[in-house]
Protein chains: 2
Amino acid sequence: MEQRVHNFNPGPATLPLPVLEEIKENFLSFRGSGMSITEISHRSREFDEVLTDAIDRTRRLLKLTDDYHVLFIQGGASMQYCMIPINLALPGKPLNYINTGTWSTKAIKEAQIQGKDVRVIATSEDRDFSYLPTDFRVDKDASYLHFTSNNTIKGTQWHHYPDGEGVPLISDMSSDFMSYPINMKPFGLIYAGAQKNIGPAGVAMVIIREDMLKRVPDTLPTMLRYTTFKDNKSLFNTPPTFTIYVIDLVLTWLEETVGGLKEIEKINKEKASLIYEVIDNSEIYRGTTEIKSRSLMNVTFRVGDEELEQRFLVETTKNGLHGLKGHKSVGGCRASLYNAVTIESVRDLARFMREFEGTARRFIQA
Amino acid sequence: MEQRVHNFNPGPATLPLPVLEEIKENFLSFRGSGMSITEISHRSREFDEVLTDAIDRTRRLLKLTDDYHVLFIQGGASMQYCMIPINLALPGKPLNYINTGTWSTKAIKEAQIQGKDVRVIATSEDRDFSYLPTDFRVDKDASYLHFTSNNTIKGTQWHHYPDGEGVPLISDMSSDFMSYPINMKPFGLIYAGAQKNIGPAGVAMVIIREDMLKRVPDTLPTMLRYTTFKDNKSLFNTPPTFTIYVIDLVLTWLEETVGGLKEIEKINKEKASLIYEVIDNSEIYRGTTEIKSRSLMNVTFRVGDEELEQRFLVETTKNGLHGLKGHKSVGGCRASLYNAVTIESVRDLARFMREFEGTARRFIQA
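Conventions we followed
- In this numbering scheme, every chain counts its residues from 1 along its sequence in written order.
- Chains carry letters and ligands carry numbers; both start at the beginning, A for chains and 1 for ligands, and go up in the order they are written.
- The predicted nature of this model means local features are confined to residues of pLDDT at least 70 and side-chain atom pairs, given and counted, to a pLDDT of 80 or more, with totals for whole chains, interfaces and linings taken over all residues.
- Here the side-chain values reflect all heavy atoms present in the structure, with hydrogen atoms and water set aside.
- A run of H or I in DSSP counts as a helix once it spans at least four residues, and a run of E counts as a strand once it spans at least two, with each numbered from the N terminus.
- Contact between two residues is taken to exist if any of their heavy atoms lie within 4.5 Å; hydrogens are not considered.
- For any pair of parts, buried area is found by adding up, for both, the accessible area (1.4 Å probe) each one loses once the two are put together.
- By convention in these notes, a salt bridge is any Lys or Arg side-chain nitrogen within 4 Å of a carboxyl oxygen on Asp or Glu.
- Between N or O atoms, a polar contact is any pair within 3.5 Å; within protein, one atom must be a potential hydrogen donor and the other a potential acceptor, and residues adjacent in sequence are included only when both atoms are from side chains.
- Gly is placed with the polar residues, together with every amino acid not listed as nonpolar (Ala, Val, Leu, Ile, Met, Phe, Trp, Tyr, Cys and Pro) or charged (Asp, Glu, Lys and Arg).
- Residue burial is assigned from relative accessible area. The probe radius is 1.4 Å, only protein chains are included, and a residue is buried under 20% of its type maximum, exposed over 50%, and partly exposed in between.
- Strands qualify as paired when DSSP identifies two bridges or more between them.
- A fitted line through C-alpha atoms represents every axis, and for helices the fit uses only the stretch in contact; the resulting angles, taken between N-to-C directions, go from 0 to 180 degrees.
- Domain borders in the structure are assigned automatically or taken from a domain database.
- Buried residues of nine kinds, namely Ala, Val, Leu, Ile, Met, Phe, Trp, Tyr and Cys, make up a nonpolar core once their side-chain atoms join them within 4.5 Å.
- Here a helix's expected span is defined as the number of its residues, less one, multiplied by 1.5 Å.
- The fit set for superposing copies consists of C-alpha atoms from residues with pLDDT of at least 70 in both; the fit itself is least squares.

Let's shift gears to unusual backbone geometry. The residue after Gly11(A), namely Pro12(A), is reached through a cis peptide bond having omega -5°. Looking at the element boundaries, Pro12(A) is found in the loop between β1 (6-7) and α1 (17-25). A positive phi angle, close to 50°, is found at Lys233(A), a residue other than glycine. By the element assignment, Lys233(A) lies in the loop between α6 (226-231) and α7 (241-258). If you check the backbone angles, Glu165(B) has positive phi at about 50° while not being a glycine.

Right under this line is the structure:
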């Protein structure tokens, strides 16, 4: 049996161990076909079952009504930053964006590159994106209102979605997708790169409402049109078959082993509170975001001074607690607690953090 | 040990067994990291080694000079049909395309969607794309000349590339990439979806010459610019890490176990000749393409009448010879003999085809 570490990577991130074991077990022959999942045709009955199952599970987990479509599109969230304005901007109607850091900023930039009428109606840049803005006015005639549901880098998360006042919401949910039940009603489109909560890197899941598809200009390149993916069940060209297969396994685990989104939400809240409790009762750990905006998925914090922080990162790695270094753009520490991170991993981290603080205090006092 | 079949799938296609075994063996802990390759960061030292190795091996295998760049871009060849004209069309200079069937036709369509001055300088549509056109004139001032090196569906392959007369060649090499040595000199860009000769589905490898990068308009969406991928070593956003890892393993196998492109070319010629020999000496098998244009990668043929052909397809499957049905758009049979298809698999197929013909003759005579 291989030695595994506690993996707090921000993405690509840890996957449920039973899923990895199932992939490994069947890797040379998928469902008795005598071929690896990587070797079977995307037009085969076998793969169609996988794809259909992944879509059906998504529909059940998110309780999607019939007017929503589940699409798999390559290029990650970054490609969506381009596809959203090019497909969904209505002529003469502004695009509204809320800027809560890196990913929102990139999404805004891509809409601006296209020369659209982009209005950033709120931003938390004034305090380094450490909170979520609440005071803003949506343009009544906006094509859509775009926001990032969870900022992986800064560690903020919307716990109540912004009110679009009738304007369709669009959200980049890459880092908290499928981590709690979503009320889909106000959303025209949500999207998520797979590599945090639902699978390996290589595809984004896009959920789009029927009325949004009517906006798609038919003059766009085929691979940039949402309608291409909807009309062909994401099989216009060869999709990333292995990635979709793993997503299907993760969703199966989420639905059948965990018991769905309400259950995973409970577990995620418990996991995050274990770490925030340590931080809130500490003299060396400091959270970096406003308390009411902090994320259940990415817990960002600093440890004492530069030297102590470095020691913390070295010691965690030595103790099998991996991936705790903050994003290169902000430094510090970050524990990503996605769905597949077990409560045992989180308990081990919390315990280590307490012990490290004890040692550090003795060290400081000495 | 799992029962494996002889896999003649057109793509996604068979992979070298030692590669699959290595993936399986290390799937729960990549290089002793305690994490699966699917769980490690694309910014980690481990993944950077994989990516660098894949690029270096590509450079060595294709003997690339320093002015060529190796990029990994999601969306397959279909996304390249869009990216090529949008990035590389020069203002006021026509685009030249040769149409040899489905994939060329799609590439042409995408350039036309963009409103470019597209000139199809040759086509073999008059005889259902069963041959490659040789009589054409390249526009002296063309931005580029695009052709498909191998037509997976019709079973044709260029054995001598068209002469661009100084105009940069661009080629979709999805289905014969890395199957023989390439003289890169006349090429401004070549590209290949991974899922035939070099890996699983989910990425295209693009090799682009420095001077072509100078054409890229900086007004394009970030994810559609070749310069984005070149400037960031294909790491502007999260790449499909698992797919690139498998590509690296396949290229390692190709370089170290097989011995390079000259060696694989010899083997591929031998494999194809085993099947073509059966076809050329048969009363029931008929090749569907002109002999001098036929492909070493995709051998397309018909078997007797409808009924006999159906029986052939049923019997091959029963005998562990998988994936021989022709593309849905053309019917008939097709044996795809990519690099990873072993000579043993091909011998088994040739033997079966001979035996089947013997039985069929007795059946017809009776």
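Now that the structure has been shown, we can carry on.
One frequently used descriptor of interface size is the decrease in accessible area upon assembly of the parts. On the side of chain B, 62 residues touch chain A, which itself brings 62 residues to the contact. Buried area between chain A and chain B, both sides added, is near 4900 Å², and the carbon and sulfur share of it is 61%. When residues of chain A are sorted by the area they lose upon contact with chain B, Lys24(A), Leu28(A) and Glu39(A) head the list and together hold 15% of the total. Put simply, chain A and chain B have two salt bridges between them. Its salt-bridge partner being Arg4(A), residue Glu39(B) comes within 2.8 Å of it at the nearest N-O pair. Our count for the chain A to chain B interface comes out at 22 residue pairs in polar contact (both at pLDDT 80 or more). Of the residues assigned to the side of chain A that touches chain B, the class counts are 26 nonpolar, 24 polar and twelve charged.

Before going further, it helps to spend a moment on the pairing of strand β10 (residues 204-209) of chain B. Regular strands place side chains that alternate from one sheet face to the opposite one. All names here are of chain B. The element β10 is largely enclosed, with a buried count of six among its six residues. Burial of the side chains of β10 extends over both faces: Ala204, Val206 and Ile208 are buried on one face and Met205, Ile207 and Arg209 on the other. Bridge count for strand β2 (residues 68-73) against β10 is six bridges, and the pairing is antiparallel. Within β10, the position partnered with Val70 by the bridge is Ile207. The pairing of strand β9 (residues 187-193) with β10 spans five bridges and is classified as antiparallel. In the sheet register, Tyr191 faces β10, and the bridge partner there is Val206.

Moving on, we get to the sheet that holds strand β11 (residues 285-287) of chain A. All names here are of chain A. Sheet architecture is open: three strands sit in the order β11-β12-β14, paired in antiparallel fashion. Looking at the sheet topology across the chains shown, the edges are occupied by β11 and β14 (333-336). Mean inter-strand twist for the sheet, computed between neighbouring axes without regard to direction, equals 35°. Sheet topology note: the strand β12 (residues 298-303)/β14 ladder contains four bridges and is antiparallel. If you follow Val299 over to β14, its bridge partner there is Ala335. Together, β11 and β12 form the strand contacts of helix α8 (residues 261-280), whose direction differs from that of β12 by roughly 25°. Relative to β12, helix α9 (residues 306-318) is tilted by about 130°, and along the sheet it contacts β11, β12 and β14.

Moving on to the domain arrangement of chain A. Residues and elements named next belong to chain A. Assigned domains of chain A: these are domain 1 (17-258) and domain 2 (260-365). When each unit is reduced to the centre of its C-alpha atoms, the spacing between domain 1 and domain 2 is 28 Å. Each side of the interface is counted separately: domain 1 has 26 residues, and domain 2 has 26 residues. Here domain 1 packs against domain 2, burying approximately 2100 Å² in sum over the two surfaces, 57% of which is carbon and sulfur. At the junction of domain 1 with domain 2, the criterion picks out 14 residue pairs in polar contact (both at pLDDT 80 or more). Contributions of two or more residues to the side of domain 1 that touches domain 2 are made by β6 (150-151), β7 (156-157) and α7. Per-element accounting of the side of domain 1 that touches domain 2 gives the leading share, four residues, to α7. Taken together, the residues of the side of domain 1 that touches domain 2 sort by class into eleven nonpolar, eleven polar and four charged.

What follows is about the nonpolar core. Ranked by size, the top nonpolar core spans 122 residues in total, and within it Phe72(A), Phe177(A), Ile207(A), Phe72(B), Phe177(B) and Ile207(B) carry the most contacts. The contacts of Phe72(B), once residues within four sequence positions are left out, are Leu51(B), Ala54(B), Ile55(B), Val203(B), Ala204(B), Met205(B), Phe229(B), Ser234(B), Ile244(B) and Ile247(B).

All names here are of chain B. Along its 17 residues, helix α2 (residues 45-61) runs 24 Å from first to last C-alpha, staying within 8% of the 24 Å computed at 1.5 Å per residue. Along α2, the residues that are buried comprise Glu46, Phe47, Val50, Leu51, Ala54, Ile55, Arg57, Thr58 and Leu61. Those residues of α2 hidden inside the fold are in contact with β2, β10, α7 (241-258) and α8 (261-280). Lys63 lies just past α2 and shows a positive phi near 50°.

Overlaying chain A on chain B yields an RMSD of 0.0 Å, the required transformation being a rotation through 180° with an accompanying axial translation of 0.0 Å. What the rotation and shift describe, once combined, is the action of a two-fold rotation axis. When you check the interface residues of chain A against chain B, 100% turn up at the interface there too, and the contact is symmetric in its surfaces.

So, about the side chain of Ser78(A). Take Ser78(A): it is sitting in helix α3 (residues 76-88). The exposure class assigned to Ser78(A) is buried, which follows from its relative accessible area of 7%. Every residue in contact with Ser78(A), bar those within four places of it in the chain, is listed here: Met223(B), Phe236(B) and Asn237(B).

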